[in-house]
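Secondary and tertiary structure notes
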Amino acid sequence: MKRVGVRCDVGPGRGIGHVMRCLALAEEVRRRGAELVFVCDAHTVPWAAEQIAARGIPVERAVWSPDEHVELFNRLKLDGVVFDSYDLDASVYPAVRACLPTLAIVDGDFRGAAADVLVDQNLAAELHHPDLPRDAVRLAGLRYVMIRDEILDHRPAAPPDDRPSVVPRVFAFFGGTDAFGAGPYVARALAATGLPFEATVVAPAPDLAAQLAAVELQPNQRLDVIGPTDQLASRVREADLTISASGTSTWELLCLGATAALVCVVDNQVMGYERAVDTGAAAGLGLLSALQQDSSSADQVLKRLLSDPAERGRLARAGWQLVDGRGRERVADALLGLT
């Protein structure tokens, strides 16, 4: 049986996006009979640790130097390694690659990731042709988006229909930690529309929950605050409108046929945010930094989405057609072909 290690970032400031897409690949690799071990500091984000543990995957604490990686991977008797990191020093990759087959998940900039296979699952990534490390292969574009079982189990078999609602249901979440505090600003923008809605917003921390509870609502507006949930897909399917940070969760929303409105919360999301909005498969609420100063632009977009079921349906169908949910199979083919 093959043993695959997954070395990924996670933390209160980094969020859990790297873990989530690695779990999608891990589910597919394990389905084919391989064993997995994660190497990361999942203990710093309990919800991420719970997600890994729920799948019965063991975890080793993160190491940082090239020698530490080689020593750990040899001790674990791995047959291959998946990297998904913005934080690793570039010297780690060639040291590991000299000993083991490697696959690195990247987002545009390789950040020094020299691996046998480089996966960039972002929209329109296939249009770029960067210089590759020697003997490396690049898999690029939405054909390689890695989607978890939880999402695939809820993917509609056919494009979504329009779903008129007298009071639209809104679901908003911003990653496992909402590291940039987007939730309260989005809630205020929703309230500023003056239109009826029933919203559920995920608040991973008590201070965010308190800020959300303090948002002043207008008549016929309701806002419920919950903690991190492992029922994300079902919440999205039940909602008429889902608001999220632009990032790895965007592709999950499109796969689910959600009506998605995106907030760009950090600079490295700008390209993906702009491309997603330009496809017409998601609505853009703008940069969080702008939303914090003036929500008027976002207010107008939200007014349209809350009041126009036909527009919500159009967005949902466009997203469903963009992401087919089979990307992780294609990436697993490449990974296991190396080992």
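Right above here is the structure, for reference.
The notes below deal with the structure included here. Keep in mind that this is a model prediction, so the values were computed, not measured.

Analysis parameters
- Residues numbered from 1 in each chain as written.
- Predicted model: local features only at pLDDT ≥ 70, side-chain atom pairs only at ≥ 80, totals over all residues.
- Heavy atoms only, no water.
- Helix = DSSP H or I, 4+ residues; strand = E, 2+ residues; numbered from the N terminus.
- Rg over C-alpha atoms; globule rule 2.2 N^0.38 Å.
- Buried < 20%, exposed > 50% of the residue type's maximum accessible area, 1.4 Å probe, protein only.
- Contact = heavy atoms within 4.5 Å.
- Areas by Shrake-Rupley, 256 points an atom, 1.4 Å probe, with all protein chains shown as cover.
- Lys, Arg positive; Asp, Glu negative; His and termini not counted.
- Charge placed at Lys NZ, Arg CZ, Asp CG, Glu CD.
- Phe/Tyr/Trp six-rings, centres within 6.5 Å; stacked < 30°, edge-to-face > 60°.
- Lys NZ or Arg CZ within 6 Å of the ring centre and 35° of its normal.
- Arc of directions from axis to C-beta.
- Pairing = 2+ DSSP bridges.
- Axes fitted to C-alpha atoms, helices over the stretch in contact; angles between N-to-C directions.
- Core = buried A, V, L, I, M, F, W, Y, C linked by side-chain atoms within 4.5 Å.

1. A short note on the overall build of the protein
Helix and strand content of the protein: 14 helices and 13 strands. Against the compact-globule benchmark of 20 Å for 339 residues, the protein has a radius of gyration of 20 Å, which places it among compact chains. Seen through its principal axes, the protein has C-alpha atoms that stretch 65 × 40 × 35 Å. Buried residues in the protein amount to 55% of all 339 residues. Long-range pairs, those at least 24 residues apart, make up 64% of the contacts in the protein with a sequence separation of at least 6. When the accessible area of the protein is evaluated, it comes to approximately 14100 Å², of which 49% is carbon and sulfur surface. Within the protein, one finds 34 positive and 45 negative side-chain charges whose respective centroids are separated by 4 Å.

2. Focus: the packing of aromatic side chains
The final tally for this structure, using the stated rule, is three aromatic pairs. Through pairs of rings, three or more aromatic residues link up here, namely F73, F83 and Y93. Across from the ring centre of Y86, 3.9 Å away, lies the NZ or CZ of R111, which sits over that ring.

3. Notes on helix α2 (residues 46-54)
For α2, every residue scored as buried is listed here: W47, A48, Q51 and I52. In a view along the axis of α2, the buried residues occupy a sector of 140 degrees, so they form one face of it. Turned more than 90 degrees away from the buried face of α2 sit P46, A53 and A54, all of them exposed.

4. Topic: the sheet that holds strand β13 (residues 283-287)
A sheet is described by the order of its strands in space; here six strands give the open sequence β10-β9-β8-β11-β12-β13, paired in parallel fashion. With one partner strand each, in any of the chains shown, β10 (221-226) and β13 form the two edges of the open sheet. Across the sheet, the axes of successive neighbouring strands diverge by a mean angle of 15 degrees, strand direction being ignored. Lying over the sheet, helix α6 (residues 182-192) contacts β8 (169-173), β9 (197-202), β10, β11 (241-245) and β12 (260-264), oriented at roughly 175 degrees with respect to β9.

5. Focus: the nonpolar core
L25, V29, F38, I52, V82, L103 and V119 are the most contacted members of the largest nonpolar core, which totals 35 residues. For this core, the secondary-structure elements that each account for two or more residues are β1 (3-8), α1 (17-31), β2 (35-39), α2, β5 (102-105), β6 (117-120) and α14 (327-338). If one sorts the elements of this core by residue count, α1 sits on top with eight residues. Of all hydrophobic cores here, the second largest spans 33 residues; its members include V201, V265, L285 and V301.

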